[in-house]
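Below are the chains, spelled out letter by letter.
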Amino acid sequence: MTAADHSSLPAPETAPPGQDPSRDGDLIPFRQAVKTWSAISLQTFGGPAGQIAVMQRTLVEDKRWIGQQRFNHALSYCMLLPGPEAQQLAIYIGWLLNGTRGGLAAGTLFVLPGVVALLALSAIYVGFGTTAAVTGLFAGLAPAVVAIVAQAVWRVGRRSLTHPALIALAVASFAALALFAVAFPVVIAAGAVVGWLLARLAPHTLKPPTAHAAEDGPAPLIPDDALHHESPGRRRALRILLAGLLLWAVPVAAVAVLTGAGSVFTTQGLFFSGTALVTFGGAYAVLAYVAQQAVQHYGWLSAGEMVRGLALAETTPGPLIMVVQFVAFLGAYRDPGALNPWAAALLGALLTTWVTFVPCFVFIFLGAPYIERLRGNRSVSAALTGITAAVVGVIANLALYFAEHTLFTAVDTVTAGPLQVAVPDLSTLRPTALATAVVAVVLIFKVRWSVLRTLGVSAALGLSAALAGVPGI
């Protein structure tokens with residue numbers, strides 16, 4: 001069924017009577033999709049690794065809305081784009097299931113809890129100068145995220161690394177990042193080249209196992225070999241590009257007209273518009289530049305406050321790049337111009353969030369129809385398979401990074417020739433964090449609790465430790 005479109009797919013059991021999925025683009029009822037994306041959005045802790053794990057479990061394994069190969073193909077494309085890859089993956093899958101409105105709903109809901117949570121925490125930080133209780137709450141969440149990310153590495157790797165050659169590629173990608181500090185784009189590009197070479201020299205290494213899907217349950221709603229009904233075209237691309245550019249630029253232009261070209265709002269809008277286009281490799285790849293400019297050049301906050309903002313962003317739902325909202329909130333509050341400081345902080349934070357995430361929708365809506373058609377191209381599919389294997393190594397490296405910075409207070413970088421290894425200071429181990437992480441691992445892997453229940457228990461442990469005055473929270 002390589003040339004099939006969505007009209008050839010069986011209507012899902014949950015579709016209302018008489019609904020034609022091929023006519024309105026809905027493969028499942030839109031309300032059901034919104035409900036599912038809302039539930040996913042409340043579990044998006046742990047950066048891209050944890051977020052991908054949540055979507056993997058919910059959409060591929062539990063609901064069977066999308067096949068594993070289709071999921072991997074979309075993820076590989078999103079890894080090539082600037083911006084938060086997990087949110088872009090949500091937009092892509094939302095578009096597959098419910099068309100444009102599905103992509104808009106999935107992408108918006110994916111970041112909404114993080115926007116609200118970080119706004120609240122930013123206001124508490126500015127208004128009260130301390131977030132001890134809140135920090136304790138999220139200090140309990142962070143170790144649980146270590147367990148969630150570990151589960152992501154296991155689940156994604158088990159389903160994607162179907163041949164020893166792909167396992168070797170994943171291990172090499174992990175080593176390149178963790179031991180040699182190779183740039184993320186280089187690792188992804190190398191994965192694509194290796195995948196292409198494997199297809200030419202050893203094509204059997206890229207063939208998916210035949211019995212794996214059957215043992216996982218019923219066939220997915222969107223088969224791996226079905227094409228999306230929306231065809232790419234020049235007029236469609238031009239329409240999306242024009243609409244996206246207008247939505248992206250008009251708020252910045254309006255702020256410049258109303259508050260002046262030199263206001264903090266205009267400066268933030270332009271600065272973060274630029275960073276949204278260069279965030280290849282996820283938030284970690286660009287945060288060093290953001291921190292340098294925000295602290296040293298613009299003076300929006302101090303270096304210590306940048307670290308606190310990063311900690312809050314790491315333990316709130318949504319993409320880690322959300323830390324830019326915290327940066328903008330503090331910067332606008334301290335330089336409000338003619339506005340009330342609180343109103344200025346809200347305006348700066350929301351404008352920054354807008355210009356950071358609008359490009360994600362444009363990239364997916366523009367490129368997804370082309371990527372769908374390229375799934376039949378052996379060379380492109382092989383390259384994306386190589387990228388998927390490399391991504392497993394990337395997620396494993398993120399898991400290591402998150403574990404080190406969650407379980408230890410200090411992590412040093414040891415350099416020896418080409419080696420650049422992050423080594424935690426064992427004397428700075430956080431016993432409470434370690435104990436919470438062990439509890440979370442048992443709950444997820446042994447007891448098989450849901451992510452939400454595990455996060456709830458972990459948050460309660462962290463809050464209890466903070467209220468009891470346990471040091472090192």
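Up top is the structure.
Residues numbered from 1 in each chain as written. Predicted model: local features only at pLDDT ≥ 70, side-chain atom pairs only at ≥ 80, totals over all residues. Heavy atoms only, no water.

Peer 1: Explain the packing of helix α10 (residues 234–259) against helix α15 (residues 341–373) to me, and be specific about the residues and the numbers.
Peer 2: Contact pair α10 / α15: the axes reach a minimum separation of 10 Å and the direction vectors enclose 175°. Between α10 and α15, the crossing angle belongs to the class labelled roughly antiparallel. On α15, the residues that touch Arg 236, Ala 237, Ile 240, Leu 241, Gly 244, Leu 247, Trp 248, Pro 251, Val 252 and Val 255 of α10 are Leu 351, Trp 354, Val 355, Val 358, Pro 359, Val 362, Phe 365, Leu 366, Pro 369 and Tyr 370. Considering only residue class, the contact of α10 with α15 consists of 18 nonpolar, 1 polar and 1 charged. (Axes fitted to C-alpha atoms, helices over the stretch in contact; angles between N-to-C directions. Helix = DSSP H or I, 4+ residues; strand = E, 2+ residues; numbered from the N terminus. Parallel < 35°, antiparallel > 145°, perpendicular 65-115°, else oblique. Contact = heavy atoms within 4.5 Å. Nonpolar A, V, L, I, M, F, W, Y, C, P; charged D, E, K, R; others polar.)

Peer 1: An account of helix α17 (residues 431–446) is needed here, citing residue identities and associated values.
Peer 2: Counting along an α-helix, one turn takes 3.6 residues, and residues three or four places apart therefore face a common direction. Over its 16 residues, α17 runs 22 Å from end to end, which matches the ideal 22 Å to within 8%, given 1.5 Å per residue. Those residues of α17 that sit buried are Ala 433, Thr 436, Ala 437, Ala 440, Leu 443 and Ile 444. What you see down the axis of α17 is that its buried residues fit within an arc of 130°, all on one side. Every exposed residue of α17 that faces more than 90 degrees away from the buried side is listed here: Pro 431 and Lys 446. Downstream of α17 by a residue or two, Arg 448 has a phi angle that is positive, lying close to 60°. (Expected span 1.5 Å × (residues − 1). Buried < 20%, exposed > 50% of the residue type's maximum accessible area, 1.4 Å probe, protein only. Arc of directions from axis to C-beta.)

Peer 1: Account for the pairing of strand β2 (residues 419–424), with residues named and values stated.
Peer 2: Judged from the 6 bridges that link them, strand β1 (residues 411–416) and β2 form a sheet pairing that is antiparallel. Bridge pairing in β2 links Asp 412 to Val 423. With antiparallel pairing between neighbouring strands as the criterion, β1 and β2 make up a hairpin whose turn holds 2 residues, including Gly 417 at a positive phi of roughly 65°. (Pairing = 2+ DSSP bridges.)

Peer 1: Tell me about the packing of aromatic side chains, and name the residues and values.
Peer 2: One pass over the structure, following the stated rule, counts 11 aromatic pairs. With 6.2 Å between their ring centres and 70° between their planes, Tyr 77 and Tyr 92 make a pair best called edge-to-face. Highlighted residues: Tyr 77 in helix α4 (residues 68–79) and Tyr 92 in helix α5 (residues 85–128), separated in sequence by 15 residues. Tyr 92 shares its class with Tyr 77; the two are buried. Judged by centre distance (6.0 Å) and plane angle (70°), the rings of Phe 271 and Trp 300 are edge-to-face. Residue Phe 271 is found in helix α11 (residues 264–276), and its partner Trp 300 is found in the loop between α12 (283–297) and α13 (303–314); the two are separated by 29 residues along the sequence. This pair shows no difference in class: Phe 271 is buried, exactly as Trp 300 is. Taken together, the ring pairs connect Phe 271, Phe 272, Tyr 298 and Trp 300 into an aromatic cluster. A cation over a ring is seen here: Arg 101 above Phe 30, with NZ or CZ 4.2 Å from the ring centre. (Phe/Tyr/Trp six-rings, centres within 6.5 Å; stacked < 30°, edge-to-face > 60°. Lys NZ or Arg CZ within 6 Å of the ring centre and 35° of its normal.)

Peer 1: How would you summarise the pattern of salt bridges if you had to cite specific residues and measurements?
Peer 2: By the definition in use, this model includes 3 salt bridges. With its nearest N and O atoms 2.5 Å apart, the salt bridge here joins Glu 372 to Arg 70. Highlighted residues: Glu 372 in helix α15 and Arg 70 in helix α4, separated in sequence by 302 residues. Residue Glu 372 is classed as buried on the basis of its relative accessible area, which comes to 1%. Classification of Arg 70 as buried rests on a relative accessible area of 1%. In this structure, the salt-bridge partner of Arg 334 is Glu 305, at a minimum N-O distance of 2.6 Å. Here Glu 305 lies in helix α13 and Arg 334 lies in helix α14 (residues 323–334), a separation of 29 residues in the sequence. Of the residues examined, Arg 334 reaches a relative accessible area of 45% and is grouped as partly exposed. (Salt bridge = Lys/Arg side-chain N within 4 Å of Asp/Glu carboxyl O.)

Taken by themselves, the reported measurements are silent on function.
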